Amino acid sequence: MVSAEVLVTSPGRNFVTLRLRTEDGVVGFGDATVNGRELAVASYLGDHVVPLLIGRDAHAIEDTWQYLYRGAYWRRGPITMAAIAAVDTALWDIKAKLAGLPLYQLLGGRSRRGCLAYGHASGRDIPELFDSIRAHLDQGYRALRIQTGIPGLDSVYGVAASANSAVGNGGSTARYDHEPARRSPAPAEEEWDTRAYLRHAPRVFEAVRNEFGPELPLLHDAHHRLTPIQAARLGKDLEPYDLFWLEDVTPAENTAVLRRVREHTTTPLAIGEVFNTIWDYRALFEEQLIDYVRSPVTHAGGITALRRILDYASVYQIKSGVHGPTDISPVGLAAALHLGIAVANFGIQEYMKHSAATDQVFRPAYRFSEGLLNPGDGPGLGVDYDDEAATAHPYTPAYLPVNRLKLDGSLHDW
Ligand code: KDG
Ligand code: MG
């Protein structure tokens, strides 16, 4: 490599991108965005990784991965692994461009017509949720995540402020584009009430099944907020509504608790969007405690590392369900699609749709059609970086909210 640049831009939300360039002028991109901690990874890359890359062979993807992971002494963690992911993804992009092939061809070629995508349907109440579901179905979605407001709580994470703004790239300020990482110097504080949530969630899914029938795959994200026994109860209560998955039921640190959840429910479980290495999954795979892997390329250490995780998962009939909110940049999403189109154990891909401003900066080649995402057939990843468009959007601090219990104001799990 002759140059490595760390690019920070904020077209609606913050992104950190690595651009590598070879001596022949071939350019590769990697996503290193860690929502709410963007400048930490920009510094890790700029101060500690970029100097190591200059002069290295761009073809040596595996050796570079091992060098940055094993060689660093301080292994793992979201910042380190996002930095490694960006280097790894950019090197795959370069290799595919040099080969003149779309990246998925280097990963084994196409295994399916496209990657089944799920969208985010949400509403403050059930009528608003139904409008959002209908709007998504009109756009071609064939699987939907369902989140609603909870009676007694003013706002709930993952619920768009207005149903009509929850779809598409309309310029509404209420659009659910910021996945509410708000632009402010400190996180917003929201209220939470687990008992109200546990009472309400089954009613929502019952209403959705009654209105939309048994076929539509439905997903739900509990955002790490439950204790093991509460999670077991929710899984059990949702069984009649045949969920595609129930996501992040408990905080991610203590994965052993999923044994307890699994003992009580046959609702499929997905976890891993805040994991960062294959080691986080080891017991979950070997004891068959989950059904879907949520890691994105961006936070798992790149295409090399996520491929390894998914191959390991395939031994246990566990499939991919790659994280794809708008804080995974178009570079990270494109990488997921090249991997998803190729691996045997693809399950589903999350797709929130970036804003028009984001797409103007990254100019992604991937397309959504009839519920499927396709990465495009040009050489490499199929993303670009428009420096002029990026410069118009300087970094602005933005944070995900924190939760306090409505009962007494104590801080609750995410
Ligand atoms: O950065 C965190 C968000 O991307 C995350 O909260 C979104 O849970 C999420 C999901 O499943 O997309
Ligand atoms: Mg999630």
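A quick note: this is a predicted structure, and the numbers were derived from the prediction, not measured.

Undergrad: Go over unusual backbone geometry with me, naming the residues and quoting the values.
TA: Positive phi, normally seen in glycine, also occurs at Gln288, with a value near 55°. Inspection of the secondary structure puts Gln288 in the loop between α9 (282-286) and β10 (292-293). Unlike most non-glycine residues, Glu370 shows phi in positive territory, near 50°. Relative to the assigned elements, Glu370 resides in the loop between β13 (367-369) and β14 (372-374).

Undergrad: Tell me about empty space enclosed by the protein, and please be specific about residues and values.
TA: Evaluated as defined, the whole model comprises two cavities of 30 Å³ or more. There is about 150 Å³ of room inside the largest cavity. Along the wall of the largest cavity there are 17 residues; nearest its centre are Gln147, Val156, Tyr197, His220 and Asp221. Residue contributions to the lining of the largest cavity peak at five residues, all from helix α6 (residues 194-212).

Undergrad: Explain the confidence of the model for the protein residue by residue, including any values.
TA: Per-chain confidence: the protein averages 94 in pLDDT, with 95% of residues scoring 70 or above. Per-residue pLDDT, averaged within each element of the protein, yields its smallest value for strand β6 (residues 189-192) (94) and its largest for strand β3 (residues 27-31) (99). Throughout residues 163-175 the model reports pLDDT below 50, and contacts reaching past four residues in sequence, or to other chains, amount to 30 contacts.

Undergrad: Could you give an account of the domain arrangement of the protein, with specific residues and numbers?
TA: By a widespread convention, an interface's size corresponds to the accessible area lost as its parts come together. Per the domain assignment, the segments of the protein are domain 1 (3-102) and domain 2 (115-379). Using only C-alpha atoms to locate each centre, domain 1 and domain 2 end up separated by 26 Å. Residue-level contacts link 34 residues of domain 1 with 36 residues of domain 2. Here domain 1 and domain 2 share an interface that buries about 2,500 Å² over both sides, 57% of which is from carbon and sulfur atoms. On the domain 1 side of the contact with domain 2, Arg13, Asp31 and Pro102 bury the most area, a combined 24% of that side's loss. Applying the counting rule to domain 1 against domain 2 returns two salt bridges. Viewed at the interface, domain 2 and domain 1 are joined by 14 residue pairs in polar contact (both at pLDDT 80 or more). Put simply, the parts of the chain that give the side of domain 1 that touches domain 2 at least two residues each are β2 (15-21), β3, α2 (61-69) and α3 (78-99). A total of 10 residues in the side of domain 1 that touches domain 2 trace back to one element, the largest contributor, which is α3.

Undergrad: Explain the coordination of the magnesium ion (ligand 2) to me, and be specific about the residues and the numbers.
TA: Around a metal, the idealised angle for a tetrahedral arrangement of four donor atoms is 109.5 degrees; for an octahedral arrangement of six donor atoms it is 90 or 180 degrees. Looking at the magnesium ion (ligand 2), the protein donor atoms are Asp221 (OD), Glu247 (OE) and Glu273 (OE), and they sit 2.0 to 2.2 Å from it. Each donor residue of the magnesium ion (ligand 2) lies on one chain, and together they are spaced D-x25-E-x25-E. With Glu247 in strand β8 (residues 245-247) and Glu273 in the loop between β9 (269-271) and α9, this residue pair connects regions lying 26 residues apart in the sequence. For the pair shown, Glu247 and Glu273 are each scored as buried.

Undergrad: Could you give an account of the site of ligand 1, with specific residues and numbers?
TA: Ligand 1 sits among 14 residues. The nearest are Asn35, Tyr157, Glu273, Asp327 and Glu350. At a separation of 2.7 Å, an oxygen atom of ligand 1 approaches a polar side-chain atom of Tyr157. The side chain of Asp221 places a nitrogen or oxygen atom 3.0 Å from an oxygen atom of ligand 1. Contact with the protein chains hides 93% of the accessible area of ligand 1, taken as 330 Å² for the molecule alone. At a threshold of 2 Å from the grid points, most atoms of ligand 1 map onto the largest pocket. Of the residues in the shell around ligand 1, the class split is three nonpolar, three polar and eight charged.

Undergrad: Could you give an account of the nonpolar core, with specific residues and numbers?
TA: Counting 117 residues, the largest nonpolar core has Ile146 and Phe285 as the members making the most contacts within it. Looking at this core element by element, the count peaks at 11 residues for α3. Both domains that meet at this core, namely domain 1 (3-102) and domain 2 (115-379), each give it at least three residues. If near-sequence neighbours (up to four positions away) are discounted, Ile146 is found in contact with Ala121, Leu129, Ile133, Val204, Phe205, Val208, Leu218, Leu219 and His220. Membership of the second largest hydrophobic core comes to eight residues, among which are Ala143, Leu219, Phe244 and Tyr292.

Calculation notes
Residues numbered from 1 in each chain as written. Chains lettered and ligands numbered in written order. Predicted model: local features only at pLDDT ≥ 70, side-chain atom pairs only at ≥ 80, totals over all residues. Heavy atoms only, no water. Helix = DSSP H or I, 4+ residues; strand = E, 2+ residues; numbered from the N terminus. 1 Å grid on protein atoms, 1.4 Å probe; cavity = no way out; pocket = protein on both sides within 12 Å on 5 of 7 lines; lining within 4 Å. Points joined across faces, edges and corners; volume = space filled by probe spheres on them. pLDDT = per-residue confidence, 0-100. Contact = heavy atoms within 4.5 Å. Domains from an automatic or database assignment. Buried area = accessible area lost by both parts, 1.4 Å probe. Salt bridge = Lys/Arg side-chain N within 4 Å of Asp/Glu carboxyl O. Polar contact = N/O pair within 3.5 Å; in protein donor to acceptor, adjacent residues only side chain to side chain. Donors = N, O, S within 2.8 Å, 3.2 Å for Na, K, Ca; no water. Buried < 20%, exposed > 50% of the residue type's maximum accessible area, 1.4 Å probe, protein only. Near = heavy atom within 4 Å. Areas by Shrake-Rupley, 256 points an atom, 1.4 Å probe, with all protein chains shown as cover. Sits in = over half its atoms within 2 Å of the grid points. Nonpolar A, V, L, I, M, F, W, Y, C, P; charged D, E, K, R; others polar. Core = buried A, V, L, I, M, F, W, Y, C linked by side-chain atoms within 4.5 Å.

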